[in-house]
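Report on the structure
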Amino acid sequence: MSDPIKEARVLEKGNSQGTFSKYLTFTKINGPGMWLALAALSAGSLIGSLGLGQRLGTEGLWVQAWAMLLGMFSLWAVSHITLNSQQSLFTLLKNEWNPSLSWWLAGAAMLTNFAWCMPQFKFGAEITGSLLFPVLGSKAGKIGVAVIMLGLSIFLSFWYERSGLRSKLFQWTLRLILLSLFACLLTSVIIALPKSDISITNILSGFIPSPTHFNEVSSSYHPLLEKTGDFRSFWEEQLVVRQKELTLITFSSTLGINLLFGLPLLLLGRGWKRGHNEFAKFNLFSGLFIPFLLCSSCITLLSAVAHQRLIDEPIESIEKNSLFVEKESSGQVHDLLALRVSNEIGKHEYNALAPFQQEEKINDLSLADQRLAKLVISSNIKQWILSFSQGGNESLKYLLGVSVILISFSTIVVLMVLNGHLVCEVLGKPHKGAPFQSGSLLLALASVGPFVWSNQDSWVADPTYFFSLAILPYALLSFLLMLNSRELLGRECPKGITGIIINLGAALSFITLGASSAYLAWNHKWEGFPIGQTLVVLIGILLLIGYFSLKNKKIINRLSGLETRLQKAEKKI
């Protein structure tokens, strides 16, 4: 926990100085920005960065960068509302705005914590056992690694609510993890980038948003597509569909519901008041946005380097090339090649062939077709790391392996802290002691998932993801309206240049992140049933009921109060 008296002195000193000196002084105070950065830099974010680099090369650098930048404005709005009202989002929504939304947000945040936490154990154990310490490569060894990660995470998360030395150790441990992660990724980029054809111009231009990814193939594929002859349109369609889906999913999922819900709890848990308003915005930008931008961009760049090598490698060496191709993806590659043959000779004719004849047709495809099939199917993290060691950079295997471990471990710790706060908030208990620790320990159940459910994505991650997508547009719109509500904030509604910037940013966040989330949720189907449309409409109806029910309750309470006053006045007369 923080020392409010010491922080107040530092803030007072900073506010009395010039702009540069003030922000330099602000860096002496720890804030929740760094913790949220570690939560955002999860295995899901890692997979998103990896996919962007593989599908779009450096052209995909803008997706996560702009998603988090736009998300920053919504987080600024949430921090402004929290610090000026001195109430958490859950309490404020439940008592003053929309009780239905408060419970939907709490449920979505809880599910997101579980869904984000679950793959961390799997990736950490897999990378440790497969790459860093092969002696732990057995199932028992991987379970042992997951148990160690869980034990250390519980131990460290319990330090969070302590004061004095243990609190400082918690903060410095997370800061060390973040610095070590960036050092590993930056070193990897410095080693890998000179051996590629990627220039500084390519990197900088990659941060410029490009909507062409929704209907045009990335330019990096053009040399290979030219070798596919009459079937170029087939491969372009396969690539564009996956580019569009990946861009939208990564863009929409960068800002998690659990981060929006957890930020007020972290701010109030540190005893921050109205005077922390400017510092909170600075801390979110410097502690969340900048580290996230640097680390996610490094991962995308490294993925783009490996992607470029696979495209540029002489087409004749396809049989020798095993980059991004393992048993885990070979079945998907085979199915895609079968679809390519079916596209050429017709689906009915292909199905009429004997199995051995189908295999002959697939094997007779050009090397360009086979190469594209491997590129279309996304690689996993292990394949990505191994691709560098096969390219003669053995040190990169260890640097990237350690990076994955740091990402997994730190995400578990921060999610445990967020979940401890969430449980205490929902139960109305003090954010310390047994209730907080119980909430943190709930996420220990997530460590079992990867070793019990082989199809956890289908039953846990995917439903949670689309549930959160359906909630996000409503939440972002509510934050924008609350930010300008005189009833909630009175004179503290943002005004002047700062108010214009925050409002415009929050509005853009709602329009872009909200629209992409709504699009994905609306078009989601489950075995042909439009579950996404049903969920979006259902949530909208329930939120309207919750909003007007609270309004009616307030009107009734006011009328009751007025009636009481009239009765007292009549008695006096």
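The next subject is the overall build of the chain. Counting its secondary structure elements, the chain contains 26 helices and 0 strands. Whereas a compact globule of 573 residues would reach a radius of gyration of roughly 25 Å, the chain reaches 26 Å, a difference of no more than 12%. Out of the 573 residues in the chain, the part that is buried amounts to 54%. Look at the contacts in the chain between residues 6 or more apart in sequence, and 83% of them connect residues 24 or more apart. For the chain, the exposed surface amounts to about 25700 Å²; the carbon and sulfur share of it is 63%.

For W62, the position within the fold is in helix 5 (residues 61-85). Separated by 147 residues in sequence, W62 and P209 place their C-alpha atoms 5.6 Å apart. Aside from chain neighbours lying at most four places away, what touches W62 is A67, G206, F207, I208, P209, S210, H213, T247 and F251.

Per the stated rule, a full pass over the model turns up 16 aromatic pairs. Ring geometry for F90 and F261: centres 6.2 Å apart, planes at 65°, overall edge-to-face. With F90 in helix 6 (residues 89-97) and F261 in helix 13 (residues 257-269), this pair connects stretches of sequence that are 171 residues apart. As far as burial versus exposure is concerned, F90 and F261 are alike and both buried. An aromatic cluster of at least three residues, connected via ring pairs, comprises W35, Y160, F170 and F436. Over the aromatic face of W172 sits the side chain of R175, whose NZ or CZ is 4.8 Å from the ring centroid. Looking at R340, its charged tip hangs above the ring of F231, at a distance of 3.6 Å from the centre.

Residues of the chain with pLDDT of at least 70 account for 91%, and the chain-wide mean is 85. Here helix 22 (residues 449-452) stands out as the least confident element of the chain, with mean pLDDT 58; helix 5 is the most confident, with 95. With pLDDT under 50 throughout, residues 318-328 is counted as low confidence; its partners more than four residues away or in other chains account for 28 contacts.

On to the packing of helix 8 (residues 139-160) against helix 20 (residues 394-427). Helix-helix packing is characterised by the crossing angle of the two axes and by the distance between the axes. Across the interface, helix 8 lies against helix 20 with an axial gap of 9 Å and an inter-helix angle of 50°. Overall, the two elements helix 8 and helix 20 adopt an arrangement that is oblique. Considering how the two elements wind past one another, helix 8 and helix 20 form a crossing that is right-handed. Within the contact between the two elements, helix 8 uses M149, L150, L152, S153, I154, L156, S157 and Y160 and helix 20 uses S408, F409, I412, V413, M416, V417 and H421.

Criteria and cut-off values
Throughout, a residue's number is its position along its own chain's written sequence, starting from 1. Since the coordinates come from a predicted model, pLDDT governs what is reported: local features require at least 70, and pairs of side-chain atoms require 80 or more to be given and counted, while whole-chain, interface and lining totals use all residues. Excluding hydrogens and water, the side-chain values take into account all heavy atoms of the structure. Each helix is a run of DSSP H or I of at least 4 residues and each strand a run of E of at least 2, with the numbering of both proceeding from the N terminus. We take the radius of gyration over the C-alpha atoms and set the globule estimate at 2.2 Å times the residue count to the 0.38 power. Using a 1.4 Å probe on the protein chains alone, a residue whose accessible area is under 20% of its type maximum counts as buried, one over 50% counts as exposed, and one in between counts as partly exposed. Note on definitions: a residue-residue contact is assigned when non-hydrogen atoms from the two residues lie within 4.5 Å. Accessible surface is estimated by sampling points in the Shrake-Rupley manner with a 1.4 Å probe; for residues, cover comes only from the protein chains shown. When the centres of two rings from Phe, Tyr and Trp lie within 6.5 Å, Trp using its six-membered ring, the rings pair. Their planes under 30 degrees apart give stacked, over 60 give edge-to-face, and anything left gives tilted. To sit over a ring, a charge needs its Lys NZ or Arg CZ within 6 Å of the ring centre and within 35 degrees of the ring normal. A residue's pLDDT is the predictor's confidence in that residue, given on a scale from 0 to 100. The convention used is that axes are lines fitted to C-alpha atoms, helices contributing only their stretch in contact, and that angles between N-to-C directions extend from 0 to 180 degrees. For this classification, under 35 degrees means roughly parallel, over 145 means roughly antiparallel, 65 to 115 means roughly perpendicular, and everything else is oblique. By definition, turning the near helix anticlockwise from the far helix through less than a right angle yields a left-handed crossing, and turning it clockwise yields a right-handed one.

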